[in-house]
Amino acid sequence: MAAGSSERKMRGFKRWMKSSGIECSDAILVSAQNGDSFDSTDSLSIFVKALCDLKEGDVVARIPKQSCLTVKTSTARDLILEAELEGNLAMSVAIMYERSLGFESKWFQYLQILPPFEPIPLLWTPTDIDSLLSGTEIHKVVKEDKLIMYQDWKQCIKPLLDFHSHRLNPDFFTFDEYLAARSLIASRSFQIDEYHGFGMVPLADLFNHKTAAENVHLTSVSCFSDSEETEDISKNTDKENNDNEESLSTSECESTFMEMIVVKDVKAGTEVFNTYGLLGNAALLHRYGFTEPDNPYDIVNIDLDLVVQWSSSFISSRQGRRRFRLWRMLDYPESSIQDSEYFEISSDGEPQLDLLVLLYILLLPEEDFNDLDYAVSIRREEKESLGLPFIGTEGFFSSRDWKTSKNLLQMRRSICQAVVSLADAREDMFGSTTSLSDDIRSVSERCNAGDPKVYYSSLLRIGERRIIEKFRSFVSSKAGILTPRGTMKRNEC
C-alpha cells in the first residue's frame, strides 16, 4: 500500500469523525503507516500516541453511540429483522452490507482504515491450523468453530441472496466475507449498552492492546444522568448473546455517548494502550490474531479424556467407572468436580487440586478404594464433609498424614509418577516435528520478519510447553526433588 494512499485514508477518517460528532483530543495523535512484514492483510498499521503528558482522569475521546456500527444503526437493520438474525450473525450481516454499499455507506471512511480481515486462526488454511496449532489449547476449538461457522453461513447468510426485497451483491456475502466480518467482530467489537448490544466503536478500536498495562478505558455516559455517571465498557467477549429487547427508543439514545478516559498516566511521545483483558496467549491468538512473549496469563489444560486414557493402562474399564463416579461425588473446599472436563495447570505449573484428588482415587489399592467408597456413601447420607489426607494444593504433600503412614508415602510416590506420565502425554500432543528449542529458535529468527502465523503460534507453543515442564516438576519439587522428562528419582517422591 502506497504511503500516499494510507495518508489519504487517515485524513478521510479524521474528517468523517468530525462530521460524525466524534471528538478526539489534541493531546493524542492517531497515526497510520503501511503494514509491516508481519501484516498479511495489506492494511494500515494504526497506533495512538500521546503528544503531551496524560494524567489519570483525562478524557481523550468522546464518541456518540449513533456513530457506532451496530445492528440498530446499520442500513441493513430491516434485512436483519426480516431474516430474524441475532448476535454474531446479525452483526456480520451489518458489516458485510455496509461494505457492499461502498461510498454510499455512512461508515465508508471508517471501514476504509480497517483491515479487510484480522489474521486470526479462523481464517488460516487447514494445513496451517494443523501444522502450527497442533497440541495447543486452541487447535480443536478453531477447527470446530470453522465448521460451525460454515453451517451458520450456509443456513442463515447464503439464503439472504434470495430475498427479493433486498438486492444484495453476492460478492460481499460469500463464506470468506462472512469469516472476515467475524474476525473483525472478534477482535474489534465492544459491548456498548443494552439497546445497541455489541458493535464497532470507531476510534476506540484503534488503541492497541498491552496485557495488564492499559492506559485508557472506554466508558459509557448516559444522557439521562445529570451527574454523568460512567459505566465501564469492555471488549465484547460474549458474542453469542442474543440481542436484548429494545428498552429505549432510538431517539432516546441519540444523545448518549462514550468516553475514552485515561486510567494510568502516559508520558509524552509514548503509545497509549487499551486492554482486551487479562488473557493468555491462547485466547489472544484465537480472538485477536497475536500473542505476547512471556505472557503471565498462559495456562495449559489436561483433558479428562487424557486421564481416562492413562488410567486404562492399569485398571479395568469397570474399575475406572467406579472410581470416576466416586470422584464426581466428592465435596470439599476448592472442588469444582461437578463440571470438570479438564484440569487447569497455571502458568507456574500448579495443577488444580481436583486433578490430584482424582489421581489419588485412581491409584488407591482396591481394598482401600472400597473403604473410601463406603465412607463417602455414609458421610453423604449424614451430610458430612469428607476428610482426605491433604488440604489444598500447597499442602498436598506437606500433610502430616502422608509422612506418618507407609501406605500414604507409597501413594505419594505413585502420584508423582502419574503427574510425570500425564505431563509427558500432554507434551506428546504437540507432535515430534518441533521441539521447545525449535520454537525458541523460530521466534528468534522471525522477530523482525517472516510469517506472523509462524511467529505467534511459536510463542503460544513456547508458553504452553514451559508450563508443562513446570507441571512435570511441580509435585516433585514440593517433595524436595526435581524430575526431568520421563524420569523419577529412586526412593523419592
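The structure displayed is predicted, hence computed values, not measured ones. (Residues numbered from 1 in each chain as written. Predicted model: local features only at pLDDT ≥ 70, side-chain atom pairs only at ≥ 80, totals over all residues. Heavy atoms only, no water.)

## What about the pattern of salt bridges?
Going through the model one piece at a time under the given rule, you end up with 19 salt bridges. Two residues, K65 and D193, come together in a salt bridge whose shortest N-O distance is 2.9 Å. Note that K65 is positioned in the loop between strand 4 (59–64) and helix 2 (77–83) and D193 in strand 5 (residues 190–193), a separation of 128 residues in sequence. For the pair K65 and D193, a shared accessibility class is recorded, and that class is buried. The residue R441 makes a salt bridge to D438 at a minimum N-O spacing of 2.5 Å. On the criterion of helical spacing, the pair formed by R441 and D438 is a turn pair, its members being three residues apart in helix 16 (residues 436–445). (Salt bridge = Lys/Arg side-chain N within 4 Å of Asp/Glu carboxyl O. Helix = DSSP H or I, 4+ residues; strand = E, 2+ residues; numbered from the N terminus. Buried < 20%, exposed > 50% of the residue type's maximum accessible area, 1.4 Å probe, protein only.)

## Some points on the packing of aromatic side chains
By the definition in use, this model includes 13 aromatic pairs. Their ring planes at 40 degrees and their centres at 4.4 Å tell us that F103 and F108 sit as a pair that is tilted. According to the relative accessible area criterion, F103 is exposed, its value standing at 72%. Between Y276 and F290, the ring centres sit 6.3 Å apart and the planes meet at 65 degrees, which makes this aromatic pair edge-to-face. Separated by 14 residues along the polypeptide, Y276 in the loop between strand 9 (257–262) and helix 9 (281–288) and F290 in the loop between helix 9 and strand 10 (300–303) bring together distant segments of the chain. Given a relative accessible area of 12%, Y276 falls into the buried group. Classification of F290 by relative accessible area gives buried; the value is 19%. Taken together, the aromatic side chains of F13, W16 and Y110 make up a single cluster linked through ring pairs. One Lys or Arg, K72, reaches over the ring of Y195 and ends 5.5 Å from the middle of that ring. (Phe/Tyr/Trp six-rings, centres within 6.5 Å; stacked < 30°, edge-to-face > 60°. Lys NZ or Arg CZ within 6 Å of the ring centre and 35° of its normal.)

## So, the pairing of strand 4
Across two bridges, strand 1 (residues 23–24) lies against strand 4 in antiparallel orientation. Each residue of the ladder has a partner; that of E23, found in strand 4, is R62. Strand direction decides the pairing type here: strand 4 and strand 9, joined by five bridges, are antiparallel. Within the sheet, the bridge partner assigned to V59 lies in strand 9 and is I261. (Pairing = 2+ DSSP bridges.)

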